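# Observations on chain architecture
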Amino acid sequence: MKTFHIVCPHDCPDTCSIQVNVDESGRAIKVQGNPQHPTTDGVLCTKVSRYLDRVYHPERLMTPLRRVGRKGEGKFERISWEEALASIAEQLKSIAVRNPEAIVPCSYGGTMGIVQKEGMAARFFNKLGASLLDRTVCASAGAAALKATLGAGVGTDLEQVQNARLILIWGSNPVVCGVHFWRRAQAAQRQGATLIAIDPHRSLTAQKCDHHLAPLPGTDGALALALIHILIRDNWLDRDYINHYTLGFEALKQRAADFPPEKAAQICSLSVEQIEQLGAVIGQTAIQAQQPVLIKAGYGMQRVRGGGNAVRAIACIPALIGAWRHAAGGHLMSTSGMFPMDTASLERTDLWPEGKKPRTINLSQFGDALLQQGDAKFGAKVEAVIVYNCNPLAILPDSEKVVAGFKRDDLFTVVIEQFQTDTADYADIILPATTQFEHEDLHKAYGHYYLMKNQAAIAPLGECKPNSEIFRLLAAQMGLADAALQADDESIMRDAVHWEHEYTNQMRWETLQTQGWERLNVANPPFAKGGFPTASGKCEFFSESLMQQGIDPVPNFVEPHESVFSQPELAKQFPLQMISPPEQHFLNSSFVNVDSLRKKTLEPTLELHPNDAAERNIQSDQPVRIFNKRGSFQAKAQVTDRARPGVVVAPSIWWRKYSRDGKNCNGVSSQALTDMGAAATYYDCLVQVEALAF
Ligand SMILES: Nc1nc2c(c(=O)[nH]1)N[C@H]1C(S)=C(S)[C@@H](COP(=O)(O)OP(=O)(O)OC[C@H]3O[C@@H](n4cnc5c(=O)[nH]c(N)nc54)[C@H](O)[C@@H]3O)O[C@H]1N2
Ligand SMILES: Nc1nc2c(c(=O)[nH]1)N[C@H]1C(S)=C(S)[C@@H](COP(=O)(O)OP(=O)(O)OC[C@H]3O[C@@H](n4cnc5c(=O)[nH]c(N)nc54)[C@H](O)[C@@H]3O)O[C@H]1N2
Ligand code: SF4
Ligand SMILES: [Mo]
């Protein structure tokens, strides 16, 4: 028996180290969290502890397939790799001769590995001159906000969390979405720390915190500015930190003056006392007691129109109170900006034909893009889509449009997948992809400080191939000649990092390879004396660069696109705000097809408050229809005060084909974008709910 180091490939902040035992026949027989890896600490989440069920799933795609039925019908016949590659190359070449921008990649976070996510695929599309894709469906509002405020996605060390004294878990549900943070937060709680959740839903995390504030979705910017108002009003400030390591205090002070707690209470639908008490506990802990205050900010709150401004306002708070002076204080939303990646070497935009940057399609508006006729403004009509690491039919907003787009008979669609997802049903050609057990990769993390190396533990199953190999083969078949398009996986990994950077220059490739990880050489605490990666080196309350982009340079409250207050007329028809945060046993739409995990919930549910249920004559377990002008889906009602009045909660992301009406929550979400980062606004969505017969 042999043991290999696998990196959990999923889009999760914890990026765990997994030990896999492989028997003499080459079959993986056991997975466990690596006890030596400090942040994994021997523990995996429920989903990934069942990973053998996913790798050896009886429905793994094993051979290339060609569609024989109608688009969406899911009928395919087996073909050889030679046939598949030849027919894809032929189609793409004939489109590329007319206009390569008519070819569009569609990918997101199926795997977070540098090689299988972007490396070879990016080089392939760049050389071809295909459209660029702005991957905005998850974190780009928050990322833009962190960039403007702290200079990049930088944050507090996960390994310090147990020493914090006050932890605000803001728009995040780590019991579900980052269990290794949660274990350390619980350790802090056992040592006397106070945990406060800020979440419209009484999530599994909120339920276990000491206090829970449930603002209306999309109102966090107002809450954060009111807290800043209180801290300034009551002089709970670290003047020395502000003077030396921040920029724009006077401007922030002026802005916060517009947000007295009374005003925020109205906007957020909280009580003034709740906001005053929260401000006081922050001030008392940080300033009076000089103890570490940590904000664990999640992505939940930035999936609304004002998401960028909200994250910006929140990210200002630690600098105001000097929380960065403590190793366990500060702000943790992302650490991915701490990894010195060499994106230019990895993705090779220098390969663009004639050096010209192709047009960019926003993934959050993919439905519209697929339905556009070509014109001068939009550019070429989309004629081919190559999907990999993504399940757009299930995860993109406004899915009726996405479905209509993928149904187009004049669209050529290739789906590179492990499973016959909702999206694969619409493919012209499906190519079978390996899983993380079957290929090599290198991973940065967004929740800790370790660079992680994945070893291939087993041979590819069936005829599966890694994405990198598929794009190498396609490039060769299409006659795209460049050494970068035939580079092997190891050289892609070696090219991907600035190894001479102070954070990485002590790392050894051999250690990465044999141990499975190396820690970034980051000082702790990282920003006790400023040193933020902004232009000024300071935490920027006022951002010159945002001003140049025509965005408010000081954080503000930006109303949701769709709320009872911002759209009173629309709200007469569709009076409930819907959020669709992650279901515990899925990871986005991955794992929905793993029976042991899906059976924990059985079918899509909708949580709604007893008052909202009573008004509609809805009882628990009753089927309901959730709808607005964009579309509808069905779910089983759960009447519970975990949902606050006026807000319904649809745990997600279900495969459409596993639900009673073949649809999911993204039928009602919209393609409208956030204030910063051009991101999707999944949790900014008015709906109505009606009872269906049992
Ligand atoms: N089990 C599991 N783990 C996952 C995932 C998964 O699908 N399943 N997804 C992974 C991915 S891709 C990501 S990006 C991360 C995300 O993980 P987190 O950063 O924790 O963010 P979310 O889970 O999207 O949202 C967390 C919470 O935000 C709340 N929320 C919704 N709208 C608002 C709002 O307007 N304001 C506030 N304050 N809160 C709001 C939701 O109710 C939810 O409880 O998790 C990763 N981990
Ligand atoms: N309503 C609503 N919609 C949402 C969200 C929400 O909270 N609510 N969350 C959003 C967020 S945060 C995110 S990150 C996105 C996630 O959206 P996606 O990144 O599309 O995530 P998944 O749905 O997990 O689909 C990933 C697919 O990649 C495949 N895959 C995995 N590894 C490989 C590989 O090595 N090669 C290939 N070719 N395929 C592979 C998996 O089988 C899976 O089907 O969804 C977004 N959509
Ligand atoms: S999904 Fe997250 S918590 Fe689960 S094993 Fe992967 S990285 Fe760890
Ligand atoms: Mo995400």
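Residues numbered from 1 in each chain as written. Chains lettered and ligands numbered in written order. Predicted model: local features only at pLDDT ≥ 70, side-chain atom pairs only at ≥ 80, totals over all residues. Heavy atoms only, no water.

### Side note on the site of ligand 2
Operational definition: By convention in this text, a residue qualifies as near a molecule or strand provided that one of its non-hydrogen atoms is within 4 Å of it. By the criterion applied in these results, polar contacts are pairs of N or O atoms within 3.5 Å in which, for protein atoms, one can donate a hydrogen and the other can accept it, and in which residues neighboring in sequence qualify only through two side-chain atoms. For the area figures, the Shrake-Rupley method with a 1.4 Å probe applies, and any residue is considered shielded solely by the protein chains shown. Classification convention: Asp, Glu, Lys, Arg as charged; Ala, Val, Leu, Ile, Met, Phe, Trp, Tyr, Cys, Pro as nonpolar; all other residues, Gly among them, as polar.
Surrounding ligand 2, one finds 32 residues, the nearest of these being Gly109, Glu417, Ser589, Ser590 and Tyr683. Contacts to ligand 2 include Glu417, whose side-chain N or O atom sits 2.5 Å from an oxygen atom. Ser589 is positioned with one of its side-chain polar atoms (N or O) 2.5 Å from an oxygen atom of ligand 2. In isolation ligand 2 has 920 Å² of accessible area, and contact with the protein removes 97% of it. The residue inventory of the shell around ligand 2, partitioned by class, reads 13 nonpolar, 15 polar and 4 charged.

### Some points on the site of ligand 3
Around ligand 3 sit Cys8, Cys12, Asp14, Thr15, Cys16, Leu44, Cys45, Val48, His180 and Leu587, and those are all the residues in its vicinity. Residue classes in the shell around ligand 3 are distributed as 7 nonpolar, 2 polar and 1 charged.

### As for the sheet that holds strand β1 (residues 2-7)
The strands that make up a sheet pair up through hydrogen bonds in the backbone, lying either parallel or antiparallel. Put simply, the rule reads: Should DSSP find at least two bridges between two strands, the strands are regarded as paired. Every helix listed is a DSSP run of H or I at least four residues long, and every strand listed is a run of E at least two residues long, numbered separately from the N terminus. Only the stretch in contact is used when fitting a helix axis, every axis being a line fitted to C-alpha atoms; angles between N-to-C directions are given from 0 to 180 degrees.
If you walk across this open sheet you meet the 3 strands as β1-β2-β3, and the pairing is antiparallel. Edge strands, defined here as strands with exactly one partner in the open sheet, are β1 and β3 (28-33). Each neighbouring strand pair of the sheet contributes to a mean axis angle of 25 degrees, computed without reference to strand direction. The pairing of strand β2 (residues 17-22) with β3 spans 5 bridges and is antiparallel. Bridging from a neighbouring strand, Ile18 pairs with Gly33 of β3.

### A look at the side chain of Gln418
Basically, it comes down to this: Exposure categories follow from relative accessible area, calculated using a 1.4 Å probe and restricted to protein chains: below 20% of the type maximum is buried, above 50% is exposed, and the middle band is partly exposed.
With respect to the helices and strands, the residue Gln418 is situated in the loop between β16 (412-417) and β17 (429-432). Residue classification places Gln418 among the buried residues on the basis of a relative accessible area of 15%. In terms of polar contacts, Gln418 uses its side chain to reach the side chain of Arg54, at 2.9 Å.

### Regarding the sheet that holds strand β8 (residues 166-170)
What counts is decided by this rule: Here, residues are in contact when the closest pair of their heavy atoms is within 4.5 Å.
The 5 strands are arranged β10-β9-β8-β12-β13 in an open sheet whose pairing can be described as parallel. Strand pairing shows two members of the sheet lacking a second neighbour, β10 (211-213) and β13 (330-332), which therefore form its edges. Strand-to-strand twist across the sheet, computed as the mean angle between neighbouring axes with direction ignored, equals 20 degrees. As judged from the 3 bridges shared by strand β12 (residues 293-297) and β13, these two strands associate in the parallel manner. By the bridge assignment for β13, Leu294 is matched with Gly330. Packed onto the sheet, helix α9 (residues 220-233) meets β8 and β9 (194-198) and runs at close to 155 degrees relative to β8. Its contacts with the sheet place helix α13 (residues 272-288) against β8, β9, β10 and β12, and it is angled at close to 135 degrees to β8.

### Observations regarding the domain arrangement of the chain
Frequently, the measure chosen for interface size is the accessible area that the parts lose on association. Formally: Domain delimitation follows an automatic or database domain assignment. Any Lys or Arg side-chain nitrogen located within 4 Å of an Asp or Glu carboxyl oxygen qualifies as a salt bridge.
For the chain, the assigned domains are domain 1 (65-137 + 345-442 + 460-503), domain 2 (142-333) and domain 3 (568-691). The C-alpha centroid of domain 3 is placed 30 Å from the C-alpha centroid of domain 1. Each side of the interface is counted separately: domain 1 has 24 residues, and domain 3 has 22 residues. Joining domain 1 to domain 3, the criterion identifies 1 salt bridge. Salt-bridge contacts for Lys657 lead to Asp425; the nearest nitrogen and oxygen are separated by 3.1 Å. For the pair domain 1 and domain 3, the interface holds 20 residue pairs in polar contact (both at pLDDT 80 or more).

### Comments concerning the packing of helix α5 (residues 140-150) against helix α14 (residues 307-320)
Keep this limit in mind: By definition in this entry, angles of less than 35 degrees are roughly parallel, angles greater than 145 are roughly antiparallel, angles of 65 to 115 are roughly perpendicular, and the rest are oblique. Helix crossings get a hand from a simple test, with the near helix turned counterclockwise from the far one by less than a right angle marking a left-handed crossing and a clockwise turn marking a right-handed one.
Two elements in contact, α5 and α14, have axes separated by 8 Å at closest approach and are oriented at 40 degrees. As judged from the angle between their axes, α5 and α14 are oblique. α5 and α14 meet at a crossing whose hand is right-handed. Contacts between α5 and α14 involve Ala141, Gly142, Ala145, Leu146, Ala148, Thr149 and Leu150 from the first element and Gly307, Gly308, Val311, Arg312, Ala315 and Cys316 from the second. Taken together, the residues of the contact of α5 with α14 sort by class into 8 nonpolar, 4 polar and 1 charged.

### Observations concerning the pairing of strand β6 (residues 103-107)
Across the 5 residues of β6, 5 count as buried, placing the element largely inside the fold. Both faces of β6 are covered, namely the face carrying Ile103, Pro105 and Ser107 and the face carrying Val104 and Cys106. Across 5 bridges, the pairing between β6 and strand β15 (residues 384-388) is parallel. The residue bridging Val104 from the neighbouring strand is Val385, located in β15.

### Re the pattern of salt bridges
Applying the stated criterion across every chain, the model contains 39 salt bridges. The partner of Arg494 in a salt bridge is Glu490, and the shortest N-O contact between them spans 2.8 Å. In this pair, Arg494 and Glu490 both sit in helix α20 (residues 489-495), 4 residues apart, roughly one turn of the helix. What makes Arg494 partly exposed here is its relative accessible area of 38%. With its nearest N and O atoms 2.9 Å apart, the salt bridge here joins Glu690 to Arg625. Residue Glu690 is found in strand β27 (residues 686-691), and its partner Arg625 is found in strand β24 (residues 623-627); the two are separated by 65 residues along the sequence. One connected set of salt bridges, linked through shared partners, spans Arg66, Glu77 and Glu83.

### Some thoughts on α14
The condition is simple: Any helix carries an expected span of 1.5 Å times its number of residues minus one.
Its 14 residues place the ends of α14 21 Å apart at the C-alpha level, agreeing with the 20 Å of an ideal helix rising 1.5 Å per residue. Of all 14 residues in α14, 14 are buried; the element is thus mostly enclosed. Positive backbone phi, at 65 degrees, marks Gly322, one or two positions downstream of α14.

### Some remarks on unusual backbone geometry
A negative phi angle is the norm for most residues apart from glycine, just as the trans form is the norm for most peptide bonds. With an omega dihedral of -5 degrees, the bond running from Asn524 to Pro525 counts as a cis peptide bond. Relative to the elements of secondary structure, Pro525 occurs in the loop between β20 (517-519) and β21 (539-540). Its identity as a non-glycine residue notwithstanding, Phe591 has a phi of 80 degrees, on the positive side. Position of Phe591 relative to the elements: it lies in the loop between β22 (576-579) and α24 (595-598). The exposure class of Phe591 is buried, given its relative accessible area of 1%.

### Thoughts on the packing of aromatic side chains
To keep things clear, this is the line we draw: Here a Phe, Tyr or Trp ring, Trp counted by its six-membered ring, pairs with any other such ring whose centre lies within 6.5 Å, and the pair is stacked when the planes are under 30 degrees apart, edge-to-face when over 60, and tilted otherwise.
Per the counting criterion, the structure on display carries 17 aromatic pairs. On the basis of an interplanar angle of 80 degrees and a centroid distance of 5.2 Å, the ring pair of Phe124 and Phe125 is categorised as edge-to-face. Under the relative-accessibility criterion, Phe124 is labelled buried at 1%. Residue Phe125 is classed as buried on the basis of its relative accessible area of 4%. Measuring from centroid to centroid gives 4.9 Å for Tyr241 and Tyr245, while their planes differ by 65 degrees, and the two rings are edge-to-face.

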